[in-house]
Amino acid sequence: METRYAYVARALAEAIAAGRHPVGSMLPNELDLAEQFAVSRATVRAAMRELQASGLISRKKNVGTRVEALRPSRSAGGFAQTLNSIEAVQQFGVETERHVQRVADVVTDDALAKALGCRAGRRWLRISSLRLVPDDASRTPICWTDVYIDDAFAAEVRARIDTHRAIFGTLVEQISGRRFSEIRQDISAVGVPEPIAEPLKAAPGAHALSIRRQYLFNSNEMAEVSISVHPADRYHYTTRLLRQQ
């Protein structure tokens, strides 16, 4: 089985390849596609990001979505993710499953403070989990994620871990009554740490990407940090660099 946005992306890619949407033509708008596939507009936007990352379409504000090629410019493999907004990060949480492995209260020592980008001695709630694609028969995790929630929100987050399905950032926003204005993201190459290799179904030391995201309110106040380890053979990360007008 596929995620909803992967199904929409695949169906549209097949329609483009079959000539039902010729190169140079415009795709239906988000609302029409959402009605056609009986999904939300957020799901359609996630599908559009995948098609855009593969080179099949281009999108321009106030113009629409144009078909650029019959076939993807790159072959798909593993889990593809195109993130260019806070909303896109939130959509990732909606379209994948979280399986919590352990929960603990922690105080940062020097090493952890450096990893998170905060001062030593700060208190956090740490939630460790695996992310999987729903209904994937192999049940192979996409990543292992340690989410650190500021102690001010820890009690309420802990109480709602089992019922909150989206990313924890949206829960922190609900609890605080504030919205994150920025996510700072750092990506580095690492080896799969031995303690998480078995649950990740990966070899210890195997090539992986480590992605750290710091969630900040508009006062530059950091309320959450996540560190995810993605085995290299299961994850493809795409960004787009555009020339400024």
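Please refer to the structure higher up on the page.
Starting from 1, residues in each chain are numbered consecutively following that chain's sequence as written. Local features in a predicted model are, by the rule used here, given only for residues with pLDDT of at least 70; side-chain atom pairs are given and counted only at 80 or more, and totals for whole chains, interfaces and linings are based on all residues. The side-chain values count all of the structure's non-hydrogen atoms but skip hydrogen atoms and water molecules.

### A word on the overall build of the protein
A count of helical and extended segments in the protein gives eight helices and 10 strands. Only protein chains enter the calculation, and the probe is 1.4 Å; a residue is then buried if its accessible area is under 20% of its type maximum, exposed if over 50%, and partly exposed in between. Out of the 245 residues in the protein, the part that is buried amounts to 46%. By sequence separation, contacts in the protein at least 24 residues apart represent 60% of the contacts at least 6 residues apart. Each helix is a run of DSSP H or I of at least 4 residues and each strand a run of E of at least 2, with the numbering of both proceeding from the N terminus. Two residues qualify as a contact provided that any one of their heavy atoms is within 4.5 Å of a heavy atom in the partner residue.

### Side note on the side chain of H230
With respect to the secondary-structure elements, H230 resides in strand β9 (residues 222-231). Taking the relative accessible area as the measure of exposure, H230 reaches 2% and is therefore buried. Setting aside chain neighbours within four positions, we find H230 in contact with I142, C143, A208, L209, I211 and Y235.

### Brief notes about the pairing of strand β6 (residues 143-150)
Along a regular strand, successive side chains alternate from one face of the sheet to the other. When you tally the buried positions in β6, you get eight out of eight residues, the bulk of the element. Side chains C143, T145, V147 and I149 of β6 all project onto a buried face; the interleaved residues W144, D146, Y148 and D150 project onto the opposite face, where all are buried too. Taken together, the eight bridges between strand β5 (residues 123-132) and β6 define a ladder with antiparallel strand orientation. Looking across to β6, one finds that L130 is bridged to W144. We call two strands paired when DSSP finds no fewer than two bridges between them.

### Considering the packing of aromatic side chains
Note on aromatic pairs: the rings of Phe, Tyr and Trp (six-membered ring only in Trp) are paired at centre separations within 6.5 Å, and the planes decide the class, stacked below 30 degrees, edge-to-face beyond 60, tilted for the rest. Tallied over the entire structure, the rule returns three aromatic pairs. Each ring, one from Y7 and one from F37, has its centre 6.0 Å from the other, and the planes form 85°; the classification is edge-to-face. Placement of the pair is Y7 in helix α1 (residues 4-17) and F37 in helix α2 (residues 30-37), with a sequence separation of 30 residues. With relative accessibility at 40%, the residue Y7 sits in the partly exposed group. A connected cluster of aromatic rings, assembled from ring pairs, spans F180, Y215 and F217. In this scheme, the term charge over a ring applies when either NZ of a lysine or CZ of an arginine sits within 6 Å of the ring centre and within 35 degrees of the ring normal. The ring centre of F168 lies 4.1 Å from the NZ or CZ of R98, which sits over that ring. In this arrangement the basic side chain of R178 is found over the ring face of F217, its NZ or CZ atom lying 4.0 Å from the centre.

### Section: the packing of helix α6 (residues 151-159) against helix α7 (residues 168-176)
Running from amino to carboxyl end, α6 crosses α7 at an angle of 110°, the nearest separation of the two axes being 10 Å. The orientation of α6 with respect to α7, classified from their angle, is roughly perpendicular. Contact with α6, carried on its side by F153, E156 and V157, involves F168, L171, V172, I175 and S176 of α7 and no other residues of that element. A fitted line through C-alpha atoms serves as each axis, taken over the contacting stretch for helices, and the angle formed by two N-to-C directions is quoted from 0 to 180°. Comment on the angle field: the value is read as roughly parallel under 35 degrees, roughly antiparallel over 145, roughly perpendicular from 65 to 115, and oblique elsewhere.

### Examining the side chain of T108
In this fold, T108 is placed in the loop between β4 (97-107) and α5 (110-116). N or O atoms within 3.5 Å of each other form a polar contact, as long as, within protein, one can give a hydrogen and the other can take it, and as long as residues adjacent in sequence are counted only when both atoms are side-chain atoms. A polar contact is formed between the side chain of T108 and the backbone oxygen of R119, at a distance of 3.0 Å. Residue contacts for T108: discarding those within four places in its chain leaves A113, L116, C118, R119, A120, G121, R122 and W124.

### Quick notes on the nonpolar core
One broad rule of soluble globular proteins: the nonpolar side chains tend to lie buried together. By nonpolar core we mean a set of buried residues, namely Ala, Val, Leu, Ile, Met, Phe, Trp, Tyr and Cys, connected to one another through side-chain atoms within 4.5 Å. Counting 19 residues, the largest nonpolar core has L12, F37, M48, L51 and I57 as its most contacted members. At the level of secondary structure, the elements contributing two or more residues to this core comprise α1, α2 and α3 (41-53). The greatest single-element share of this core, amounting to six residues, is contributed by α1. Residue contacts for L51: discarding those within four places in its chain leaves A9, L12, A13, L56 and I57. One finds I149, F153, F180 and A223 within the second-largest nonpolar core, a separate group that totals 18 residues.

### Points about the pairing of β9
In terms of burial, β9 is a largely internal element, 10 of the 10 residues being buried. Strand direction decides the pairing type here: strand β8 (residues 207-217) and β9, joined by nine bridges, are antiparallel. Within β9, the position partnered with L216 by the bridge is M222.

### Concerning the pattern of salt bridges
A pair is scored as a salt bridge if a Lys or Arg side-chain nitrogen falls within 4 Å of a carboxyl oxygen belonging to Asp or Glu. One pass over the full model with this rule turns up 11 salt bridges. With a closest N to O distance of 2.7 Å, R66 and E68 form a salt bridge. Using a relative accessible area of 35% as the deciding quantity, one classes R66 as partly exposed. With relative accessibility at 32%, the residue E68 sits in the partly exposed group. Connected via shared salt-bridge partners are E30, R41, R45 and R59.

### Focus: the environment of F168
Residue position: F168 is located in helix α7. With relative accessibility at 3%, the residue F168 sits in the buried group. Sequence separation of F168 and S226 is 58 residues, and the distance between their C-alpha atoms is 9.6 Å. In contact with F168, not counting residues within four places along its chain, are R98, I127, V147, I149, V157, I161 and E224.

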